[in-house]
Amino acid sequence: MSFKNFKCVPKMIFGRGSFAQLDDVLAQERKEADDFVVFLVDDVHQDKPLAGRVPSKSHDLVIYVNVDDEPTTVQVDALTAQVKAFNVKQPVSVVGLGGGSTMDLAKAVSLMLTNPGSSSEYQGWDLIKNPAIHHIGIPTVSGTGAEASRTAVLCGPVRKLGLNSDYTVFDQIIMDSELIAGVPTDQWFYTGMDCFIHCVESLQGTYLNEFAKAFAEKSMDLCREVYLDNHPEKDDKLMMASYMGGMSIAYSQVGACHAVSYGLGYVLGYHHGIGNCLAFDVLEEFYPEGVAEFRKMMEIHNITLPKNICKDLPDETIAKMVAVTKSMGPLWDNVYGKGWEEKVTDEMLTKLFRRI
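Worth saying up front: this structure is predicted, and the values here are computed from it rather than measured.

Thresholds applied
Throughout this document, residue positions are counted from 1 along each chain, in the order its sequence is written. Given that this is a predicted model, residues contribute local features only at a pLDDT of at least 70 and side-chain atom pairs are listed and counted only at 80 or more, while totals for whole chains, interfaces and linings are drawn from all residues. Side-chain numbers come from the whole structure's heavy atoms, not from hydrogens or water. Working definition: with a 1.4 Å probe on protein chains only, accessible area under 20% of the residue-type maximum means buried, over 50% means exposed, and in between means partly exposed. By definition, any uninterrupted DSSP run of H or I lasting at least four residues is a helix, any uninterrupted run of E lasting at least two residues is a strand, and each is numbered from the N terminus. Pairing between strands is defined by DSSP: at least two bridges between the two strands are required. UniProt positions are given in the numbering used here, feature names are shortened, and annotations may be inferred rather than shown by experiment. Nonpolar core, defined: a set of buried Ala, Val, Leu, Ile, Met, Phe, Trp, Tyr and Cys residues in which side-chain atoms within 4.5 Å join the residues together. Think of the arc as the fan of directions from the helix axis to the C-beta atoms. Residue contacts are counted whenever heavy atoms from the two residues lie within 4.5 Å of one another. We define a salt bridge as a side-chain nitrogen of Lys or Arg found within 4 Å of a carboxyl oxygen belonging to Asp or Glu.

Caption draft 1: Fine view of the pairing of strand 4 (residues 93-98). Counting buried residues in strand 4 gives six out of six residues, a clear majority hidden from the surface. Both faces of strand 4 are covered, namely the face carrying Ser-93, Val-95 and Leu-97 and the face carrying Val-94, Gly-96 and Gly-98. Relative to strand 6 (residues 135-139), strand 4 is paired through five bridges, and the arrangement is parallel. Its bridge partner lying in strand 6, Gly-96 is registered against Gly-137.

Spelled out as structure tokens, the structure:
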């Protein structure tokens, strides 16, 4: 029997105001006078105070990325081409400043600068051959666990699937909870629920072990302090919950909600956070206690999910979502174990989608 040899982020800084240390961190990577850094910054920060604090030099490349839609392989390939056109040299670091989508773009670009072809060729598990450019993740929204994970989730020509590899993991993360203050309530809730759902799926899964359990249980406790108790240090707690939720699934796996959410995201374009919430709300058969707690959290924060979005969709649209969802083998294996293929039928998934 072989055990997973799991790679985690080797360097991390945590604490309010720690974003100010980014320049010092990058100074360690800049060896030559013409060494440059690529900053991928969520465009919601453009012309905002945070943009003025990005420690870019005159010869660096700052790109404001739009993540109104889910990141795509086309977007990654275009960004990679933009970096290559900017300088014949490789950058010494790629920095992702934003939520999970922006951090996933930074991970993907850092990989594609050293691997040939299109990013769509690497959607799957351990297909990346060459180590990435040094890359740094700095969350300004917490919940996805992208700062901790070994995947960069992208919508490709065939399906929504991550570039899953040890090379995807960030070399450095900076977790400054001051950066997540003031996130719009809906986004704060939906993204945070990604973390809560990671924990539910991990703790209810067949892949569960003491490593995953330790992180998931603590992460879930922190989520409750944030979303049920409105703790005064909720920003710090959510930031740690996000990281620990990401660590939990690193040695286990997500489950039914993420599989259904991938179908929703790929076909209808729903962002990952709200997609998870839409899916989770119909999965009481799988996760009864988690769904009940989730609904209580929605009530406390006055969150109203869209209803009947799939009820009257054409059969062929539902069939596309079912195909994407059904293709998530490891996720269903975590739900049912061996023989999951017999249980995850088109009919079962169609019924689920029609309820969303």
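Caption draft 2: Structural detail: the UniProt feature "domain: Alcohol dehydrogenase iron-type/glycerol dehydrogenase GldA" (unreviewed entry) in the protein. As recorded in UniProt, the sites labelled "domain: Alcohol dehydrogenase iron-type/glycerol dehydrogenase GldA" (unreviewed entry) are residues 11-176. With 22% helix and 24% strand, the stretch residues 11-176 has end C-alpha atoms that lie 14 Å from each other.

Caption draft 3: Representation of the sheet that holds strand 7 (residues 153-155) in the model. Reading across the sheet, the three strands line up as 5-8-7 and stay open at both edges, with mixed pairing between neighbours. In this open sheet, the two strands that pair with only one neighbour each are strand 5 (124-125) and strand 7. Where strand 7 meets strand 8 (residues 160-164), three bridges bridge the pair, whose relative direction is antiparallel. Within strand 8, the position partnered with Val-153 by the bridge is Gly-162.

Caption draft 4: Highlighting the nonpolar core. Residues Phe-189 and Trp-332 are the most contacted members of the largest nonpolar core, which totals 78 residues. Ranked by residues supplied to this core, first place goes to helix 5 (residues 185-203) with nine residues. Residues Leu-40, Val-94, Ala-108 and Ile-133 belong to the second largest nonpolar core, which totals 24 residues.

Caption draft 5: Broad picture of helix 14 (residues 346-355). When we look at burial in helix 14, the residues that qualify are Met-348, Leu-349, Leu-352 and Phe-353. Down the axis of helix 14, the sector holding all buried residues measures 130°, keeping them to one side. What points out from helix 14, more than 90 degrees from its buried face, is the exposed set Glu-347 and Lys-351. Those residues of helix 14 hidden inside the fold are in contact with helix 8 (256-268), helix 11 (315-326), helix 12 (329-336) and helix 13 (340-343).

Caption draft 6: Local environment of the pattern of salt bridges. Throughout the structure, instances matching the rule amount to 19 salt bridges. With a shortest N-O distance of 3.4 Å, Lys-57 and Asp-23 are connected by a salt bridge. One end of the pair, Lys-57, is in the loop between helix 2 (49-52) and strand 3 (61-65); the other, Asp-23, is in helix 1 (residues 22-27), and 34 residues separate them in sequence. According to the relative accessible area criterion, Asp-23 is partly exposed, its value standing at 29%. Between Arg-224 and Glu-293 there is a salt bridge whose closest N-O contact spans 2.6 Å. With Arg-224 in helix 6 (residues 210-227) and Glu-293 in helix 10 (residues 288-300), this residue pair connects regions lying 69 residues apart in the sequence. Each of the salt bridges in this network shares a partner with another, and the network as a whole consists of Asp-281, Glu-284, Arg-295, Lys-307 and Arg-355.

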